[in-house]
Amino acid sequence: MKIVVAGGTGFLGAPLASLLARDGHEVVVLTRGSHNGGGAKASQVTWTPNGESGRWASAIDGAGAVVNLAGESIAGKRWSAAQKQRIRDSRLEATRSLTTAIREAKNPPPVFVSGSAIGYYGPLGDQGVAEDAPPGSDFLANVCVEWEREAARAADRTRLVCVRTGVVLEKDGGALPEMLPPFRFGVGGPVGSGRQYWAWIHRDDWLGLVRWALATPAVSGPLNATAPNPVTNAEFARALGRAMHRPAFMPAPAFALRLMLGEMADSLLLTGQRVIPAKATQSGFTFKYEQVDDALRAIFTRQ
Ligand SMILES: NC(=O)c1ccc[n+]([C@@H]2O[C@H](COP(=O)([O-])OP(=O)(O)OC[C@H]3O[C@@H](n4cnc5c(N)ncnc54)[C@H](OP(=O)(O)O)[C@@H]3O)[C@@H](O)[C@H]2O)c1
């Protein structure tokens, strides 16, 4: 079938587009520019994700599925007021463009998988949270709530799945490469207290989960994309040290991170959530990497 992947040039979108093309689907990547994302088998259509539909919307009409991964990176730049506005607006406008196209389509796609994040739950302690937990109230939680609300505009025309993605682990992007330099120099370790939970997921499992959500009609609504065993940041640091054969006992103090990164340090590093992928496990999805040691070992032993 034809699958449209908006943001299919990024860290998650490009391997997803490649995987779906390898599965035999006709993959169309919506991109603002021209990139190499999606591999040779995916075609690209240029779009303007400004909240409105456009000529690109003809790709949506009659498609078998749409996946929405477009948005300004949350970790790329310090969170000035203008950058926070870009993080929010880029997601809401891209999603609104897609929901408008789905609403206007003569043949709407039967399934719409739209991005969201575990930031939805806000900073939490060590209680586990499943998909039915209420949202938080900080900046990222508010962005996720609005983002999912935009996606819900299409819910009466398609099966909507909002993928609440955790910390996706792979070497070529996301959070992991940013963590590596101190470990390489032997000064890696926990950040802040180390007691905050990190709900991680190996990228292969994230790809598998999205492929499964596309193909499983019984799945709809929010879907936590995290491994079944979230760990504290201190446990994560020890696992990373083991995988890299480096020491992992040097803590990075919270005040230094706040000085370097501002508000972003609290939202992305010093707090977390113990997210449980209840819907995936109860609905029969099998994770390849359930333990963080196995996920990191796989990443660091593969060339
Ligand atoms: N990676 C993670 O660990 C993680 C965790 C939680 C949630 N997520 C969410 O999952 C989604 C995909 O993540 P990712 O890591 O693949 O992100 P990414 O590598 O930054 O890719 C996002 C894509 O969105 C498009 N984009 C960038 N800036 C944009 C803007 N201002 N307006 C519209 N489109 C823009 C880009 O495509 P073009 O340049 O081709 O248009 C880019 O390839 C994001 O929404 C992210 O917040 C990711």
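Residues numbered from 1 in each chain as written. Predicted model: local features only at pLDDT ≥ 70, side-chain atom pairs only at ≥ 80, totals over all residues. Heavy atoms only, no water.

Some remarks on helix H10 (residues 292-301)
By the burial criterion, the buried members of H10 are Val292, Ala295, Leu296, Ala298 and Ile299. Along H10, the residues classed as buried sweep out an arc of 155° about the axis, all on the same side. Looking at the buried side of H10, the elements it contacts are strand S8 (167-169), helix H4 (176-184), strand S10 (200-202), strand S12 (231-232) and helix H6 (233-244). (Buried < 20%, exposed > 50% of the residue type's maximum accessible area, 1.4 Å probe, protein only. Helix = DSSP H or I, 4+ residues; strand = E, 2+ residues; numbered from the N terminus. Arc of directions from axis to C-beta. Contact = heavy atoms within 4.5 Å.)

A short note on the sheet that holds strand S2 (residues 26-31)
What the seven strands build is an open sheet, ordered S3-S2-S1-S4-S5-S7-S11; its pairing is parallel. The outermost strands of the open sheet, each flanked by one partner alone, are strand S3 (43-46) and strand S11 (221-225). With direction set aside, neighbouring strand axes in the sheet form an average angle of 25°. Both strand S5 (residues 111-117) and strand S7 (residues 159-165) contribute to a ladder of seven bridges, which runs parallel. For alanine 117, the partnering residue across the bridge sits in S7 and is threonine 165. (Pairing = 2+ DSSP bridges. Axes fitted to C-alpha atoms, helices over the stretch in contact; angles between N-to-C directions.)

A look at the site of the ligand
The environment of the ligand is made up of 21 residues, and the closest members are Thr9, Leu12, Thr31, Arg32 and Arg91. Within the side chain of threonine 9, one N or O atom sits 2.6 Å away from an oxygen atom of the ligand. At 2.9 Å from an oxygen atom of the ligand is found a main-chain nitrogen or oxygen belonging to phenylalanine 11. Surface burial for the ligand is 83%, taken as the share of its 880 Å² of free accessible area covered by protein chains. Elements supplying a minimum of two residues to the shell around the ligand: helix H2 (81-104) and S5. Here the residues of the shell around the ligand are counted per class, giving eight nonpolar, 10 polar and three charged. (Near = heavy atom within 4 Å. Polar contact = N/O pair within 3.5 Å; in protein donor to acceptor, adjacent residues only side chain to side chain. Areas by Shrake-Rupley, 256 points an atom, 1.4 Å probe, with all protein chains shown as cover. Nonpolar A, V, L, I, M, F, W, Y, C, P; charged D, E, K, R; others polar.)

So, the nonpolar core
By size, the foremost hydrophobic cluster in this structure holds 32 residues, and its most contacted members are Leu16, Val27, Val113, Trp206, Trp212, Leu214 and Leu223. Those elements that place two or more of their residues in this core are strand S1 (2-6), helix H1 (13-22), S2, strand S4 (65-68), S5, S7, helix H5 (203-215) and S11. Ranked by residues supplied to this core, first place goes to H5 with seven residues. One finds Met179, Ala239, Ala248 and Leu270 within the second-largest nonpolar core, a separate group that totals 26 residues. (Core = buried A, V, L, I, M, F, W, Y, C linked by side-chain atoms within 4.5 Å.)

Examining a nonpolar patch on the surface
A surface patch of nonpolar side chains, about 470 Å² in accessible area, is lined by Phe185, Val187, Phe249 and Met250. Summarising the element assignment, phenylalanine 249 is placed in the loop between H6 and helix H7 (254-261). The exposure class of phenylalanine 249 is exposed, given its relative accessible area of 62%. (Patch = residues over 30% accessible without salt bridge, like charges linked within 9 Å, V, L, I, M, F, W, Y side chains within 5 Å. Salt bridge = Lys/Arg side-chain N within 4 Å of Asp/Glu carboxyl O.)

Some details on the side chain of threonine 158
Mapped onto the elements, threonine 158 comes out in the loop between helix H3 (139-152) and S7. According to the relative accessible area criterion, threonine 158 is buried, its value standing at 10%. Engagement of the side chain of threonine 158 in a polar contact is seen with the backbone oxygen of proline 110, the distance being 3.2 Å. Here valine 111 takes part through its backbone nitrogen, which lies 3.2 Å from a polar atom of the side chain of threonine 158. Among all residues touching threonine 158, those that are not within four sequence positions of it are Ile102, Pro109, Pro110, Val111 and Phe112.

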